[in-house]
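Structure assessment
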Amino acid sequence: MVRADDEPMNPTPPRIARGGWLDALRFIVGSLIILYHFREASPVPLPQLHPVFDRGYLLTDFFIIDSGYVLARIYGDRLASGQASLRAYARQRLLRVIPAHLVVSLILVAIVGGAALAGVTPSNPRWFDWSQLPAQVLLVQAYGVPGGQGWNAPTWTLSALIGCYLLLPWICRALWRWPPVVVVIGAAVLVVVADVAASLWLGDPIYRLPMRYGILRALPLFLLGVAAAYYGARVYIAPRLAGAVGVGAAVALVLFQAFGAFSLLSLGLMTAIIWAAGAVHVLKPSRLIEHLALMSFSMFLTNEVSRIVWFGLLDALGQDALSAGARWALWSVGFVGAFVAAAVFRYGFDRPVQTWLNPPRVRRAAGEGAAGPASASGAVVSAEHPG
């Protein structure tokens, strides 16, 4: 039986799906991350135009929250009920991240090492201290292990999120027994308490903790995303209302950022946007948006390498002697080139390797349901150099 407006009598929340608003958000924020990393290389540093360009930490936090949301929507029920293989789940999560990370790290080492052998000094040698490399390559820099500065520094987020990934089965088992509203309120309170504790004891707010405290920064935000997912999977909200909430939260976020950081409030608004995007039915999935979203993990992983290579080359060729117009044109070429490099890496390496490492039978054993490919959550990325 259906209502007059064709809405079922007992509607249930929609499954998240590819090619919709969640994917669009992933690509949009991934693009802003590239812009953030390129901000200081422009002829006029972008933060001089508006301080919002220095708030890349909010983009990092968006992807941490989004990671918790997407993973919990895809795996949460099966992990909570014990129906998924923990070994298969852990294997899939680790193999989603580590091969691509190692290859990009090797490419960057080859470029920097080759330049050194050729007698070319990097524009910022302090970012290529070899003693910092082991912790970064091993992805342990978010757990207090010395190192990880410079090189492909944003990978600290992958380091922290691996810990969150591996804790997710126990997080779901603990939270799935509580009413959804209680879980959401508890997660929000945890973020506020963690922020106060971090500010008092570590000297930085939770949303801007440096990489050595990466896991402490990521875990409360990841839990916030998990709580939003649990609520979104259990409580039906009419799509029009959810869409209105999402649009309202997005407008509020933009307006607040025009006047200040309002960071804790911004975390709440970003969570509302992510929840709303998952609560809206994907009636006409876009293959283009799907592919752009799947490319966002490669965008995160490769954009620092693209920036280092492009602007290192321009500095070596003496770009400072060029006119402002020419420098803006070259900056734009480098910015667009970061997307091209990400696409080449995605389709030339990451996609075929993931198809080989995580065939459908492995994804099913890991607890992936019909919501979409597990690689959807692999695009969880970082935005900034720590510190």
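Everything below is about the structure shown above.
What comes next concerns the included structure. These figures come from a predicted structure and were not determined experimentally.

Thresholds applied
Residues numbered from 1 in each chain as written. Predicted model: local features only at pLDDT ≥ 70, side-chain atom pairs only at ≥ 80, totals over all residues. Heavy atoms only, no water. Helix = DSSP H or I, 4+ residues; strand = E, 2+ residues; numbered from the N terminus. Rg over C-alpha atoms; globule rule 2.2 N^0.38 Å. Buried < 20%, exposed > 50% of the residue type's maximum accessible area, 1.4 Å probe, protein only. Contact = heavy atoms within 4.5 Å. Polar contact = N/O pair within 3.5 Å; in protein donor to acceptor, adjacent residues only side chain to side chain. 1 Å grid on protein atoms, 1.4 Å probe; cavity = no way out; pocket = protein on both sides within 12 Å on 5 of 7 lines; lining within 4 Å. Points joined across faces, edges and corners; volume = space filled by probe spheres on them. Nonpolar A, V, L, I, M, F, W, Y, C, P; charged D, E, K, R; others polar. Salt bridge = Lys/Arg side-chain N within 4 Å of Asp/Glu carboxyl O. Expected span 1.5 Å × (residues − 1). Bend = angle between axes of the 7 residues up to and from the residue.

Bringing the overall build of the protein into the picture now. Regarding its fold elements, the protein presents 13 helices and zero strands. For the protein, the α and β elements follow one another from N to C terminus as α-α-α-α-α-α-α-α-α-α-α-α-α. Radius of gyration (C-alpha) of the protein: 21 Å, near the 21 Å computed for a compact globule of 387 residues. Counting only C-alpha atoms, the protein reaches 75 × 45 × 45 Å along its principal axes. Scored against the burial criterion, the 387 residues of the protein give a buried share of 52%. Relative to all contacts within the protein whose residues are 6 or more apart in sequence, the contacts with residues 24 or more apart total 79%.

Quick look at the side chain of Gln-141 now. Turning to its location among the elements, Gln-141 is positioned in the loop between helix H4 (133-137) and helix H5 (156-175). A polar contact of 3.4 Å, which involves the side chain of Gln-141, links it to the side chain of Thr-155. With sequence-adjacent residues up to four places away left out, Gln-141 is seen in contact with Ala-135, Gln-136, Gly-147, Gly-148, Thr-155, Trp-156, Ser-159, Met-211 and Arg-212.

What follows concerns the layout of surface pockets. Empty space within the second largest pocket amounts to approximately 550 Å³. Along the walls of the second largest pocket sit 19 residues, with Leu-32, Val-52, Leu-59, Leu-253 and Gln-257 positioned nearest its centre. Elements with a minimum of two residues in the lining of the second largest pocket: helix H1 (21-37), helix H2 (56-81), helix H8 (239-259) and helix H9 (263-279). Looking at the lining of the second largest pocket, the element that brings in the most residues is H1, giving six residues. Taken together, the residues of the lining of the second largest pocket sort by class into 16 nonpolar, two polar and one charged.

Moving on, we come to the pattern of salt bridges. Scanning the entire structure with this criterion turns up ten salt bridges. Two residues, Arg-18 and Asp-23, come together in a salt bridge whose shortest N-O distance is 2.4 Å. Each member of the pair Arg-18 and Asp-23 is classed as buried. We note a salt bridge from Asp-350 to Arg-96, for which the minimum N-O separation is 3.2 Å. Placement of the pair is Asp-350 in helix H12 (residues 324-357) and Arg-96 in helix H3 (residues 86-117), with a sequence separation of 254 residues.

A separate point is H12. When the terminal C-alpha atoms of H12 are compared, their 47 Å separation across 34 residues agrees well with the 50 Å that a helix rising 1.5 Å per residue should span. At Arg-346, H12 shows its maximal bend, which comes to roughly 45 degrees.

These figures capture arrangement, not role.
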